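# Residue-level structure breakdown
This is what each chain is made of:
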Amino acid sequence: MPNEIFTDPETPADEWADIRMTDPEANEWDVDFVVAGGEVGYVDLQIRPELLASFIGCLLDDVDDDRAGAILADVADRTDIDLRDGIGTE
C-alpha cells in the first residue's frame, strides 16, 4: 500500500467533501462495496449513530458557510425536521 499523506483542505471547496476515519480498529465505520465486471457497482458506508454529528460536521467543514447552511436547510426540508426544535433545551 502506498504511503500517502492526507492533508486537510486549506479552504472550503465545492469539488469534494473529505472524510477521514481516524481509528479503523475502533470500528468507526463499516464499508462494503460490490465490484462487477471490473467496475464498482455501489459502495455502502455505515457509521455508528453516535458519530453522525462529527461525520456531518466533517463534511460541512469542506464547504463555505452559505453552502453548509443551504445543505442543512435542504435536508431539514426534505425530512420535515424543524432545525429550531430543541435548541437551548439542554
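Below: a short report on this structure.

Reading the values: rules and limits
- Residues numbered from 1 in each chain as written.
- Predicted model: local features only at pLDDT ≥ 70, side-chain atom pairs only at ≥ 80, totals over all residues.
- Heavy atoms only, no water.
- Pairing = 2+ DSSP bridges.
- Helix = DSSP H or I, 4+ residues; strand = E, 2+ residues; numbered from the N terminus.
- Expected span 1.5 Å × (residues − 1).
- Polar contact = N/O pair within 3.5 Å; in protein donor to acceptor, adjacent residues only side chain to side chain.
- Buried < 20%, exposed > 50% of the residue type's maximum accessible area, 1.4 Å probe, protein only.
- Contact = heavy atoms within 4.5 Å.
- Patch = residues over 30% accessible without salt bridge, like charges linked within 9 Å, V, L, I, M, F, W, Y side chains within 5 Å.
- Areas by Shrake-Rupley, 256 points an atom, 1.4 Å probe, with all protein chains shown as cover.
- Salt bridge = Lys/Arg side-chain N within 4 Å of Asp/Glu carboxyl O.

## Some thoughts on the pairing of strand 2 (residues 39-47)
Each regular strand displays side chains that alternate between the two surfaces of the sheet. As paired elements, strand 1 (residues 29-36) and strand 2 share eight bridges and run antiparallel to each other. Note on strand 2: the bridge partner recorded for Phe-33 is Val-43. Taken together, strand 1 and the strand that follows it, strand 2, pair antiparallel across an intervening segment of two residues, in which Gly-37 is found at a positive phi of about 60°.

## Considerations on helix 2 (residues 65-78)
Spanning 14 residues, helix 2 covers 20 Å between terminal C-alpha atoms, matching the ideal 20 Å at 1.5 Å per step. At the N-terminal boundary of helix 2, the capping side chain belongs to Asp-64, with an oxygen 3.2 Å from the backbone nitrogen of Asp-66. In the stretch just after helix 2, Asp-80 is the one whose phi turns positive, near 55°.

## Here's the deal with the environment of Asp-62
Tracing the backbone shows Asp-62 in the loop between helix 1 (52-61) and helix 2. Residue class for Asp-62 comes out buried when judged on its relative accessible area of 7%. Through-space distance from the C-alpha of Asp-62 to that of Asp-18 is 6.9 Å; in sequence the pair is 44 residues apart.

## Things to note about the environment of Ala-68
Here Ala-68 shows up in helix 2. Every residue in contact with Ala-68, bar those within four places of it in the chain, is listed here: Leu-60 and Val-63.

## Observations regarding unusual backbone geometry
Peptide bonds are mostly trans, and most non-glycine residues show a negative phi. Non-glycine residue Asp-80 carries a positive phi angle of around 55°. Mapped onto the secondary structure, Asp-80 falls in the segment after helix 2. Its relative accessible area of 75% is what places Asp-80 among the exposed residues.

## Brief notes about a nonpolar patch on the surface
Residues Val-31, Phe-33, Val-35, Val-40, Val-43 and Leu-45 make up a contiguous nonpolar surface patch of about 540 Å² in total accessible area. When residues of the nonpolar patch are traced back to their parent elements, those giving at least two are strand 1 and strand 2. Relative to the helices and strands, Val-31 is located in strand 1.

## What about the pattern of salt bridges?
Inspection of the entire model under this criterion finds two salt bridges. As a salt-bridge pair, Arg-78 and Asp-74 come within 3.1 Å of each other at their nearest N and O atoms. Placement of both Arg-78 and Asp-74 in helix 2 is noted, with a separation of four residues, approximately one turn of the helix. Look at Arg-78 and you get exposed, because its relative accessible area is 61%. The partly exposed category is assigned to Asp-74, whose relative accessible area is 38%. Residue Asp-82 is joined to Arg-84 by a salt bridge in which the shortest nitrogen-to-oxygen separation is 3.1 Å.

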